[in-house]
Amino acid sequence: EYSFKQLDPQTNYIKITDFTQQGPILKIVEENDKALNEAKNLIIDVRVNLGGSDLSYLPLLDYIFDNPIKFSALFEKDEISYINYTENNCKLWIANARKYMQQPLYEEAKQWIEQEIEKFQQNNGKGLLPVREVYDYVIQGRENPKNVYILSDVMCGSSGDTFVKHVKKSPKVTVVGRATMGILDYSNVVTKDYGEYVFGYATSKMHENYHCNETGVLPHIHVPWTPEHLKRDVDLDYVLELCKKMSVNMK
């Protein structure tokens, strides 16, 4: 699901259940840019987010940050991962990347994928090598919305994990709910088709200093799950109350 709702004149709500595609997210921001720029509050719901590609959420970042910042600056200086460049892994990863490029994308995203394909071609068969995030896409940042609330839970994983992890570095963001799934330790999943079944596996792993499997990405405000969640959206109601309090304080 990729959906947009205007809950009130000052509050917009976006729900995204995966980051497998950039096109639908790009469409949301293009069709609702005026509303996003005029409202004070933005709620982004990534509870039950199945992940995909970090590139897919680039269109959202301008609204989440308030000043220009390089995407690579969202990573720690010593944050590295290791990619296993076997011939089979490179073949499968390149095939996945070319399939991803068939959808509507930012031009910068296309360029980054092309660079990554070239890197996989150059390292084909070289085995496990350390890599750093060097993608220098610039997040422009915007004054509005002034308050961004992220709804997260344990069903938010992979690129959902990284989305929550990265946006926590914005001074506008408050993450509400529960810790994310925490499956960043192994990533860059490729699939091998055996006909009767398809086998998916990771081709890269994060340096142990940045493992998050035990904790996930923690929210700023923890809202414990209770049976009341089966009757109403407790997390969203909590955030809407925060929006009201913030509005009163600004007056």
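Look up: the structure comes first, before these words.
Residues numbered from 1 in each chain as written. Predicted model: local features only at pLDDT ≥ 70, side-chain atom pairs only at ≥ 80, totals over all residues. Heavy atoms only, no water.

Engineer: What's the story with the pairing of strand β2 (residues 11–16) in this structure? I'm lost.
Structural biologist: The two faces of a sheet get side chains in turn, since along a regular strand they alternate between them. With six of six residues buried, β2 lies mostly within the body of the structure. Burial along β2 is two-sided: the face carrying T11, Y13 and K15 and the face carrying N12, I14 and I16 are both buried. Alignment of strand β1 (residues 2–8) against β2, held across six bridges, turns out to be antiparallel. Considered in β2, the bridge of Q6 is made with N12. Counted between consecutive antiparallel strands, the loop separating β1 from β2 contains two residues. With five bridges joining them, β2 and strand β3 (residues 41–45) adopt parallel strand pairing. (Buried < 20%, exposed > 50% of the residue type's maximum accessible area, 1.4 Å probe, protein only. Helix = DSSP H or I, 4+ residues; strand = E, 2+ residues; numbered from the N terminus. Pairing = 2+ DSSP bridges.)

Engineer: Looking at this structure, how should I read the pattern of salt bridges?
Structural biologist: Proximity of charged atoms lets side chains of opposite charge pair with each other. In total, this model carries twelve salt bridges according to the counting rule given. Among the ionic pairs, E38 bridges to K34, the shortest N-O distance being 2.9 Å. In this pair, E38 and K34 are both assigned in helix α2 (residues 33–38), four residues apart and thus about one turn of the helix distant. Classification of K34 by relative accessible area gives exposed; the value is 59%. Of the charged contacts in the structure, one is a salt bridge between E241 and K244, with a shortest N-O distance of 3.7 Å. Here K244 and E241 lie together in helix α7 (residues 234–250), a separation of three residues that amounts to about one turn. Classification of E241 by relative accessible area gives partly exposed; the value is 40%. On the accessibility criterion, K244 (52% relative accessible area) is exposed. (Salt bridge = Lys/Arg side-chain N within 4 Å of Asp/Glu carboxyl O.)

Engineer: Looking at this model, I keep getting lost on the sheet that holds β1. Mind explaining?
Structural biologist: For sheets, the rule is that strands pair by backbone hydrogen bonds, running either parallel or antiparallel. One open sheet holds the six strands; their spatial order is β1-β2-β3-β8-β9-β12, and the pairing between them is mixed. Either end of the sheet is taken by a strand with one partner, and the two such strands are β1 and β12 (221–222). With two bridges connecting them, strand β9 (residues 173–177) and β12 associate as parallel partners. If you follow G177 over to β12, its bridge partner there is H222.

Engineer: How should I be thinking about the state of the cysteines in this particular structure?
Structural biologist: Two cysteines form a disulfide when their sulfur atoms are joined by a covalent bond. Enumeration according to the criterion identifies zero disulfides in this entry. C243 takes part in no disulfide bond, and the closest cysteine sulfur, belonging to C156, lies 19 Å away. (Disulfide = S-S within 2.5 Å.)

Engineer: Could you clarify how one ought to interpret the environment of N124 in this entry?
Structural biologist: Looking at where N124 falls in the secondary structure, it is placed in the loop between α5 (107–122) and β6 (127–132). In sequence terms N124 and Y85 are 39 residues apart; their C-alpha atoms lie 5.5 Å from each other. Residues within four places of N124 in sequence aside, it is in contact with Y85, T86, E87 and C90. (Contact = heavy atoms within 4.5 Å.)

Engineer: Just to check I follow, could you spell out the nonpolar core for this structure?
Structural biologist: The tendency in soluble globular proteins is for nonpolar side chains to be buried side by side. Within the largest apolar cluster, 52 residues are counted, with the highest numbers of intra-cluster contacts made by L60, L61, I64, F71, I150 and F163. Top element by residues in this core is helix α4 (residues 87–100). It accounts for six residues. Other than its neighbours up to four places away in sequence, F163 contacts F19, I44, V46, Y57, L60, I64 and I150. In this structure, Y149, V176, L236 and V239 belong to the second largest nonpolar core, which totals ten residues. (Core = buried A, V, L, I, M, F, W, Y, C linked by side-chain atoms within 4.5 Å.)

Engineer: What is the right way to look at unusual backbone geometry in this model?
Structural biologist: The phi torsion of most residues other than glycine is negative, and most of the peptide bonds are trans. Cis geometry is found at the peptide bond from N144 to P145, where omega equals -5 degrees. Inspection of the secondary structure puts P145 in the loop between β7 (138–139) and β8 (147–152). Backbone geometry at V48 places phi at a positive 55 degrees, although glycine is not the residue there. With respect to the helices and strands, V48 occurs in the loop between β3 and α3 (58–64). Despite not being glycine, N188 shows a phi value in the positive range, around 50 degrees. Position of N188 relative to the elements: it lies in strand β10 (residues 186–193). On the accessibility criterion, N188 (31% relative accessible area) is partly exposed.

Engineer: Would you mind going over the environment of Q21 with me for this structure?
Structural biologist: If you trace the backbone, Q21 turns up in the loop between β2 and α1 (23–31). With 34 residues separating them in the primary sequence, Q21 and L55 have C-alpha atoms 8.7 Å apart. Once residues within four sequence positions are removed from consideration, Q21 is found in contact with Y2, S56 and Q103. Side chain to side chain, Q21 and Y2 meet in a polar contact 3.5 Å long. (Polar contact = N/O pair within 3.5 Å; in protein donor to acceptor, adjacent residues only side chain to side chain.)

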